[in-house]
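Each chain is listed here by its residues.
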Amino acid sequence: MSKQIFLKMMVFIWVCYSCSTVPSNYIRKAQWLAGRWENRTSRGIVYESWKKSGKNELSGRSYSIKGSDTLILETIRISEERGRLFYIPTVKDQNGGSPVRFEAISVSSTRLIFENRFHDFPQVISYQKIGRDSLEAEISGLRNGKDEHRTFPMKRIH
């Protein structure tokens, strides 16, 4: 084996090893989202619940309650994969029931911003921690050529 090929192989192995072993701690920074949250509106209450579901993952769901029925609006995963964080919602009657991936563009212990510029709406999903028991979720992007923002203030349920 030539010296040049050997060096290229060593660099490749080092890059692969580095990518797989360097913890990014993104999922740890997102753990403040864990718990049950509610958003009270004039049309009713929407809930979000989040829990740690694996070493590198949070699982969540958005739902409302009508009488004794729980209506699931979406299931969500926040997953850390190869040093990148993704928000992956699945909505029953959208995108053929398939999950859509939004990649984190900003992650801190108080704010999470995810983006998918190719999605119809929203293109950006964010969570801002306001206090220990409050947060604001926001979806935004272009809809029919116009900039649109929707905010959802939420309180933690104990």
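Shown above is the structure to which this text applies.
Criteria and thresholds
- Residues numbered from 1 in each chain as written.
- Predicted model: local features only at pLDDT ≥ 70, side-chain atom pairs only at ≥ 80, totals over all residues.
- Heavy atoms only, no water.
- Phe/Tyr/Trp six-rings, centres within 6.5 Å; stacked < 30°, edge-to-face > 60°.
- Helix = DSSP H or I, 4+ residues; strand = E, 2+ residues; numbered from the N terminus.
- Buried < 20%, exposed > 50% of the residue type's maximum accessible area, 1.4 Å probe, protein only.
- Polar contact = N/O pair within 3.5 Å; in protein donor to acceptor, adjacent residues only side chain to side chain.
- Contact = heavy atoms within 4.5 Å.

A.B. asks: Mind showing me how you'd approach the packing of aromatic side chains here?
C.D. replies: One pair of aromatic rings is described through two measures. These are the centre distance and the angle between the planes. Considering all chains together, one arrives at six aromatic pairs under this definition. Each ring, one from W50 and one from Y87, has its centre 6.3 Å from the other, and the planes form 50 degrees; the classification is tilted. Here W50, found in strand β2 (residues 44-54), pairs with Y87, found in strand β5 (residues 84-90); they are 37 residues apart in sequence, far enough to count as distant. Across the pair, Y87 and W50 agree in class, each one buried. Between the aromatic rings of W50 and Y127, the centroid separation amounts to 6.2 Å while the plane-to-plane angle is 90 degrees, which identifies the pairing as edge-to-face. One end of the pair, W50, is in strand β2; the other, Y127, is in strand β8 (residues 124-131), with 77 residues separating them in the sequence.

A.B. asks: Teacher, can you tell me more about the side chain of E38 here?
C.D. replies: Residue placement: E38 occurs in strand β1 (residues 35-41). Of note is the side chain of E38, whose polar atom sits 3.0 Å from the side chain of R40. Not counting chain neighbours up to four residues away, the residues in contact with E38 comprise I45, V46, Y47, P153, M154, K155 and I157.

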